[in-house]
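# Topology and contacts: notes
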Amino acid sequence: MPKTLLPNALLFLAGISLVLLSNCQGQTRYSGLIDSLLKTAPESYAFAPILEAPEQYELQIIYTQINRDAQNQAQLKTFHYRTANAPYFYPASTVKLPYAIAALQRLNELDLIGLTRYSPMEVLVAREPQKPNKLKDSTSATGYAHLAHYIRKALIISDNDASNRLYEFVGQKYLNECFWRRNYDDLRLIHRLANSKFKSVDNRYTNPMRFYRVDNPEVLVYEQAEQLNPQAYPPKIDPMRKGIGYIDDDTGKLVKQPKDLRDKNYISLPTLHQILIATMMPEAVAPERRFNLSLQDQRLLWQALSSLPRENRYPDYSQYPDNYNKYLLYGDTQGRSIPSNIRIFNKVGMAFGYLIDNAYIVDFDKGLEFFLSVVVYTNKNQILNDDRYEYKTIGFPLLRNIGQRFYEYEQQRIKTHRPDLSVYRLNYD
């Protein structure tokens, strides 16, 4: 980590420059600290060019400070940077965490004897362009496909097919309504990922599937028919057009007009951030905003969000470096090792020039913890789908440096009580 730390005077000024705001859900939020930290950072962090072109880079940041009392109960204070009236951004793979949460919730609500996260799962086909998935899976520890396996694949290396199976299990209607009824209103999740063959109406239909007994995969436990969301959900934000042109998925040719993203997923950065907090610290959010997850469900999500690739045998991801999909603190194009005292529970997204990370960062040795979510747009030529984005030259270094800046700030911040973070020390075998 960098040795440069904020002088106490600057920390004091940053602390008193807070501006109280109110978001659409009536929660208090704070502004000013993030701006101060960015503007007083060393020149080597290269924040200035980004701050001077806010419309180009669409930078948004949310930082949640955690203060523990004598009983280790967390008190949260959240700071925002440019999230009010923010333009649409494509959330890409960050939606895989909501997909996983919804799958576990629906499983619990079905409440069927013999149906578990590990029940062998067969995905069938009812119509084009749906795709089947076999019951047997050699990359699974059990030798069979199951929801827990798909969740791990979707969250550890961001496997698209795995997340699509979660989407197909829950269905479009349940996926949205399970969050809306918990007051996570600022989202609209309406499609499978990385599959242009599925048009808007196709994504309203989800595959039939079968689940079998864990101890006897020949015995059927639950059969789910094809699901249809009868309602087409309207956009929650306007406009949803980006760029000055795009490469058409079907023809491969340049279309010289903005790309219409009304058929794409939407979730605001504050909502992504709040969903992660409710996942990692359900006791710190209002009861009506907590998810219907067992302790085992929660641990499955925590492990998948924080696992390093080399810690996995099923599937074997040892070919990936530690910092794969860990953009904050360690994000760049080089493979980097992450020390054992640091754990990053996160989900990233990368598409159409957008780079996003939604993270809970822990340093066990220093007794340090904070939530940090960032989105930046790196598409100088304003052409979408051409794969000519500035991820490597601007996006990855920026998110790495933002993560380090807040890590430095947390090291200097005085805490009345050192947090007990032992609950987040997990077994990764």
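To be clear, the structure that these remarks concern was listed above.
In this report, we go over the structure that sits alongside the text. Because the structure is a prediction, the values reported are computed rather than measured.

### Some thoughts on the sheet that holds strand β9 (residues 220-224)
On the basis of which strands lie adjacent, the open sheet formed by 3 strands has the order β5-β8-β9 and antiparallel pairing. The sheet terminates laterally at β5 (121-123) and β9, the two strands that pair on one side only. Each neighbouring strand pair of the sheet contributes to a mean axis angle of 15°, computed without reference to strand direction. Relative to β9, strand β8 (residues 209-212) is paired through 4 bridges, and the arrangement is antiparallel. By the bridge assignment for β9, M209 is matched with Q224.

### A short note on the pairing of strand β18 (residues 368-377)
Within β18, 10 of the 10 residues are buried, which leaves the element mostly enclosed by the surrounding structure. Of the two faces of β18, the one holding L368, F370, L372, V374 and V376 and the one holding E369, F371, S373, V375 and Y377 are both buried throughout. As defined by bridge partners, strand β3 (residues 60-68) adjoins β18 across 6 bridges and the pair is classed as antiparallel. The residue of β18 that forms the bridge with Q65 is F370. Linking strand β17 (residues 354-363) to β18, which pair antiparallel, is a turn of 4 residues; within it G367 sits at a positive phi near 60°.

### Section: the nonpolar core
Of all hydrophobic cores here, the largest spans 124 residues; its most connected members are L59, I61, F179, M280, F345, Y360 and I402. Setting aside residues no more than four positions away along its own chain, L59 makes contact with L38, I50, L51, P54, Y81, R82, V374, V375, V376, L398 and I402.

### What to know about helix α11 (residues 391-412)
The end-to-end C-alpha distance of α11, which contains 22 residues, comes to 30 Å, matching closely the 32 Å that a straight helix rising 1.5 Å per residue would cover. With 16 of 22 residues buried, α11 is to be regarded as a mostly interior element.

### Section: the pattern of salt bridges
This model, assessed by the stated rule, comprises 20 salt bridges. We note a salt bridge from K242 to E58, for which the minimum N-O separation is 3.1 Å. Here K242, found in strand β11 (residues 241-242), pairs with E58, found in the loop between α4 (54-57) and β3; they are 184 residues apart in sequence, far enough to count as distant. Residue K242 shares its accessibility class with E58, and that shared class is buried. Sharing partners across several salt bridges, the network here consists of D161, R165, E168 and R192.

### Section: the environment of P217
Mapped onto the secondary structure, P217 falls in the loop between β8 and β9. Separated by 81 residues in the primary sequence, P217 and K136 have C-alpha atoms spaced 9.7 Å apart. Once residues lying within four places of it in the same chain are set aside, the contact partners of P217 are P120, L135, Y144 and Y212.

### A look at the packing of helix α5 (residues 96-110) against helix α8 (residues 172-180)
Where α5 contacts α8, the axes come no closer than 10 Å and their chain directions differ by 90°. Overall, the two elements α5 and α8 adopt an arrangement that is roughly perpendicular. Contacts between α5 and α8 pair P98, Y99, I101, A102, Q105, R106 and E109 from the former with Y174, L175, C178 and F179 from the latter. Its residues placed into classes, the contact of α5 with α8 shows 8 nonpolar, 1 polar and 2 charged.

### Some thoughts on the sheet that holds strand β12 (residues 245-247)
In any sheet, the strands associate via hydrogen bonds between backbone groups, in a parallel or an antiparallel arrangement. Spatially, β13-β12-β19 is the arrangement adopted by the 3 strands of the open sheet, whose pairing is mixed. The sheet is open, and its two edges are formed by β13 (254-255) and β19 (383-384), each paired on a single side. Pairing analysis gives 2 bridges linking β12 to β13, with the strands arranged antiparallel. Counted as the bridge partner of Y246 is V255 from β13.

### Structural notes on the packing of aromatic side chains
Within this structure, the stated rule accounts for 26 aromatic pairs. Ring geometry for F345 and Y424: centres 5.8 Å apart, planes at 65°, overall edge-to-face. Pair noted here: F345 is in strand β16 (residues 342-351) and Y424 is in the segment after α11, with a separation of 79 residues, a long-range link. With 5.3 Å between their ring centres and 55° between their planes, Y389 and Y391 make a pair best called tilted. Judged by relative accessible area, Y389 falls into the buried class, the value being 14%. An aromatic cluster of three or more residues is present, and its members are Y63, F79, F370, F406 and Y409. One cation-aromatic arrangement involves R343 over Y428; the distance from NZ or CZ to the ring centre is 3.9 Å. The ring of F364 is capped by R425, whose NZ or CZ atom sits 4.1 Å from the centre of that ring.

About the cut-offs
Residues numbered from 1 in each chain as written. Predicted model: local features only at pLDDT ≥ 70, side-chain atom pairs only at ≥ 80, totals over all residues. Heavy atoms only, no water. Pairing = 2+ DSSP bridges. Helix = DSSP H or I, 4+ residues; strand = E, 2+ residues; numbered from the N terminus. Axes fitted to C-alpha atoms, helices over the stretch in contact; angles between N-to-C directions. Buried < 20%, exposed > 50% of the residue type's maximum accessible area, 1.4 Å probe, protein only. Core = buried A, V, L, I, M, F, W, Y, C linked by side-chain atoms within 4.5 Å. Contact = heavy atoms within 4.5 Å. Expected span 1.5 Å × (residues − 1). Salt bridge = Lys/Arg side-chain N within 4 Å of Asp/Glu carboxyl O. Parallel < 35°, antiparallel > 145°, perpendicular 65-115°, else oblique. Nonpolar A, V, L, I, M, F, W, Y, C, P; charged D, E, K, R; others polar. Phe/Tyr/Trp six-rings, centres within 6.5 Å; stacked < 30°, edge-to-face > 60°. Lys NZ or Arg CZ within 6 Å of the ring centre and 35° of its normal.

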